[in-house]
Amino acid sequence: MAKDTITVDGEERVVREDTARSYRGVIWALLSVLAFIVIAAILFLTGIIGGAVDGDLKSPAEIERNRQ
């Protein structure tokens, strides 16, 4: 069996190759989810701040009244 080294809590551990791949896959998945959340938050806050600066921030009730 092939061995590989991973770092857990600052300590290097020798594990099987499939375990190391799984560990790295989980780390990449968590980083991808975190990046998605950060990008979504930036877009959301940009929209809110942009609407507030333009003075065009309306409640859903006001938008519905204007449609009718």
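The rules behind the values
Residues numbered from 1 in each chain as written. Predicted model: local features only at pLDDT ≥ 70, side-chain atom pairs only at ≥ 80, totals over all residues. Heavy atoms only, no water. Helix = DSSP H or I, 4+ residues; strand = E, 2+ residues; numbered from the N terminus. Rg over C-alpha atoms; globule rule 2.2 N^0.38 Å. Buried < 20%, exposed > 50% of the residue type's maximum accessible area, 1.4 Å probe, protein only. Areas by Shrake-Rupley, 256 points an atom, 1.4 Å probe, with all protein chains shown as cover. Pairing = 2+ DSSP bridges. Salt bridge = Lys/Arg side-chain N within 4 Å of Asp/Glu carboxyl O. Patch = residues over 30% accessible without salt bridge, like charges linked within 9 Å, V, L, I, M, F, W, Y side chains within 5 Å.

**Q** Break down the overall build of the protein chain for me, with residues and values.
**A** Across its full length, the protein chain carries 2 helices and 2 strands. For 68 residues, the compact-globule estimate of 2.2 N^0.38 gives 11 Å, and the protein chain exceeds it by more than 25% at 23 Å. In terms of principal-axis extent, the alpha carbons of the protein chain reach across some 70 × 25 × 15 Å. In the protein chain, buried positions account for 7% of the 68 residues. On the protein chain, roughly 6000 Å² of surface is accessible, and the fraction owed to carbon and sulfur atoms is 63%.

**Q** I'd like to hear about the pairing of strand E2 (residues 11-16), residue by residue, with values.
**A** Bridge count for strand E1 (residues 3-8) against E2 is 6 bridges, and the pairing is antiparallel. For Lys 3, the partnering residue across the bridge sits in E2 and is Arg 16. Counting the residues in the hairpin turn of E1 and E2 gives 2 residues, including Asp 9, whose phi is positive at 55°.

**Q** Mind laying out the pattern of salt bridges, listing which residues take part and the relevant values?
**A** Any two side chains of opposite charge can pair, so long as their charged atoms come close to each other. Using the criterion set out here, one finds 5 salt bridges in the structure. When the shortest N-O distance is used, the salt bridge between Glu 11 and Arg 13 registers 3.9 Å. Note on Arg 13: relative accessible area 39%, which makes it partly exposed.

**Q** Can you break down a nonpolar patch on the surface residue by residue, with the values?
**A** A surface patch of nonpolar side chains, amounting to about 690 Å² of accessible area, comprises Tyr 23, Ile 27, Trp 28, Leu 31, Leu 34, Val 38 and Ile 42. Among the structural elements, Ile 42 can be located in helix H1 (residues 17-54).

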